[in-house]
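The primary structure of each chain is shown beneath.
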Amino acid sequence: MKVMAFARIGVRQKDGSADPKSHIAPGDLCEVSDKTLAGFYPVTYPTARGAKTRWVPELTGFLCNQNAYGGLSYPAPGYPSATVKSGGCGVCAAVNAIGALCGRQVPVREMRDAAVRCGARVSGGTDMRRLTAELCRQYGLACAVSGDVSALTAHLKAGGVAICNTAGRGMFSTGGHYVTALGLLDGRLCIADPGMYPGKYNSPRRRAAVGVSGDLVLASPATLDADCAGRYPRYYLLSRK
């Protein structure tokens, strides 16, 4: 599974000991593999001397989080004071998707501007049909839409990513919300939730349904699909042409 690093990430040797001479840098496109029996995720990332593999105990530093952008305006009709933090989950979900798919760390301000320019910013949030059409134009991508979770899992297995349209049923949010399915990890969907905050998934219901590793969420396809019930399309399936 590929994922973009958005922060400097410390790494370890295979035996779990610290490797102070190595780190993952912001903007590195990383390949993350299933957790080892020792409890570490192998991460392969680029360096000046070629690809390098090190290990991390949790997946921290791999999320573009809307909560970091309370000072970046994202106004909409009826919401002149809105910001990316208050209404930009779609913007940050798109940044997470492009990072993993294209290996490009798009500045949130740039993605915000693209959403406004193409008319995707609406009073209810972000019109993802319009924003994904803009992403396809800018980055040479293809986008299909689906309401079928089996199509989602097949798409992820083939190397694509997906922006998922959750309905606010209490798992990923209590209101409409976009999250990004990055791939499959440890037998579950690996999801970047741009609305992540400390303790978000600590309630008994959420703890029973999902796992959290650092910034990323691990959930079964059924758990995600249930939270998208009532939305169409549920999944915006992005891939490189």
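Please read all numbers here as calculations on a predicted model, not as lab measurements.

*Asks:* Sorry if this is basic, but what is going on with the packing of aromatic side chains here?
*Replies:* Where two aromatic rings form a pair, the distance of their centres and the angle of their planes describe that pair. Under the definition given, this model contains one aromatic pair. Aromatic side chains F172 and Y201 sit 6.2 Å apart centroid to centroid with 70° between the ring planes, which places their arrangement in the edge-to-face category. One end of the pair, F172, is in the loop between strand 10 (161–166) and strand 11 (177–185); the other, Y201, is in the loop between strand 12 (188–192) and helix 6 (204–209), with 29 residues separating them in the sequence. For the pair F172 and Y201, one class covers both residues: buried. Here the guanidinium or amino end of R206 rests over the ring plane of Y201, the centre of that ring lying 5.4 Å away.

*Asks:* What am I meant to see in unusual backbone geometry here?
*Replies:* Among all residues save glycine, negative phi is the norm, and among peptide bonds the norm is trans. Put simply, Y232 and P233 share a cis peptide bond, and its omega is -5°. Along the chain, the position of P233 falls in the loop between helix 7 (221–227) and strand 15 (235–240). Within the chain, D186 stands out as a residue other than glycine whose phi angle is a positive 55°. Tracing the backbone through its elements, the reader meets D186 in the loop between strand 11 and strand 12.

*Asks:* So what exactly am I meant to see when it comes to helix 5 (residues 149–157) here?
*Replies:* Each full turn of the α-helix corresponds to 3.6 residues, which orients residues three or four apart in the same direction. Among all positions in helix 5, only V149, L152, T153, H155 and L156 are buried. Looking straight down helix 5, one finds its buried side chains confined to an arc of 160°; they lie on one side. Contacts made by the buried residues of helix 5 are with strand 10, strand 11, strand 12, helix 7 and strand 15. Positive phi appears at G159, one or two residues downstream of helix 5, with a value of about 100°.

*Asks:* Just to check I follow, could you spell out the sheet that holds strand 11 for this structure?
*Replies:* Through backbone hydrogen bonds, the strands of a sheet pair up, either in parallel or in antiparallel fashion. Reading across from one edge, 9-15-10-11-12-14-13 is the order of the seven strands in this open sheet, with antiparallel pairing throughout. Lying at the two open borders of the sheet, with one neighbouring strand each, are strand 9 (141–146) and strand 13 (210–213). For this sheet, the mean angle separating the axes of adjacent strands, direction not counted, is 30°. Sheet analysis places strand 10 next to strand 15, joined by four bridges and oriented antiparallel. Bridge pairing in strand 15 places C164 opposite Y235.

*Asks:* Whenever I open this one, the state of the cysteines confuses me. Can you help?
*Replies:* Here a disulfide denotes a covalent bond joining the sulfur atom of one cysteine to the sulfur atom of another. What the rule picks out here adds up to zero disulfides. No disulfide involves C102; its sulfur sits 9.7 Å from the nearest other cysteine sulfur, which is in C136. For C143, which is in no disulfide, the shortest distance to another cysteine sulfur is to C136 and amounts to 5.1 Å. A relative accessible area of 30% means that C143 is categorised as partly exposed.

*Asks:* Honestly, the nonpolar core in this entry has me stumped. Any pointers?
*Replies:* In a soluble, globular protein the nonpolar side chains are often hidden away together inside. Judged by nonpolar contacts, the single largest core of 74 residues is most densely connected at I24, F62, M111, L152, I163, F172 and L224. For this core, the leading source of residues is helix 2 (residues 89–102), giving 10 residues. In this structure I24 touches A5, A7, R8, I9, V11, C30, V43, Y45 and F62, once residues within four positions along its chain are discounted.

*Asks:* Is there a simple way to explain the packing of helix 2 against helix 3 (residues 108–117) in this structure?
*Replies:* Helix-helix packing is described using two parameters, namely the angle between the two axes and the distance between the axes. With their axes 9 Å apart at the nearest point, helix 2 and helix 3 run at an angle of 115° to one another. Every pair of crossing elements has a handedness; the one defined by helix 2 and helix 3 is right-handed. In this structure, helix 2 contributes V91, C92, A94, V95 and I98 to the contact, and helix 3 contributes V108, M111, R112 and A115. For the contact of helix 2 with helix 3, the class distribution of residues is eight nonpolar, no polar and one charged.

Cut-offs and rules
Along each chain, residues carry numbers from 1 onward, in the same order as the chain's sequence is written. Reporting in this predicted model follows two pLDDT cut-offs: at least 70 for local features of residues, and 80 or more for side-chain atom pairs to be given and counted; totals over whole chains, interfaces and linings ignore these cut-offs and use all residues. To get the side-chain values, all heavy atoms of the structure are used, and hydrogens and water are removed first. Pairing of aromatic rings covers Phe, Tyr and the six-membered ring of Trp, with a centre-to-centre limit of 6.5 Å; geometry is then stacked below 30 degrees between planes, edge-to-face above 60, and tilted otherwise. The way it works is that DSSP assigns letters per residue, a run of H or I at least four long becomes a helix, a run of E at least two long becomes a strand, and they are numbered from the N terminus. Exposure classes here rest on a 1.4 Å probe applied to the protein chains alone. A residue is buried below 20% of its type maximum, exposed above 50%, and partly exposed in between. To sit over a ring, a charge needs its Lys NZ or Arg CZ within 6 Å of the ring centre and within 35 degrees of the ring normal. Read the arc as the range of directions from the helix axis to the C-beta atoms. The contact criterion used throughout is that any non-hydrogen atoms of two residues lie within 4.5 Å. Strands qualify as paired when DSSP identifies two bridges or more between them. Note on geometry: axes are lines fitted to C-alpha atoms, helical ones only across the stretch in contact, with angles between N-to-C directions running from 0 to 180 degrees. Cysteine sulfur atoms are paired as a disulfide whenever they fall within 2.5 Å. The term nonpolar core refers to a set of buried residues drawn from Ala, Val, Leu, Ile, Met, Phe, Trp, Tyr and Cys, joined through side-chain atoms within 4.5 Å. By the definition used in this description, the sense in which the near helix is turned from the far one sets the handedness, with an anticlockwise turn below a right angle giving left-handed and a clockwise turn giving right-handed. Three residue categories are used. Nonpolar comprises Ala, Val, Leu, Ile, Met, Phe, Trp, Tyr, Cys and Pro, charged comprises Asp, Glu, Lys and Arg, and polar comprises the others, including Gly.

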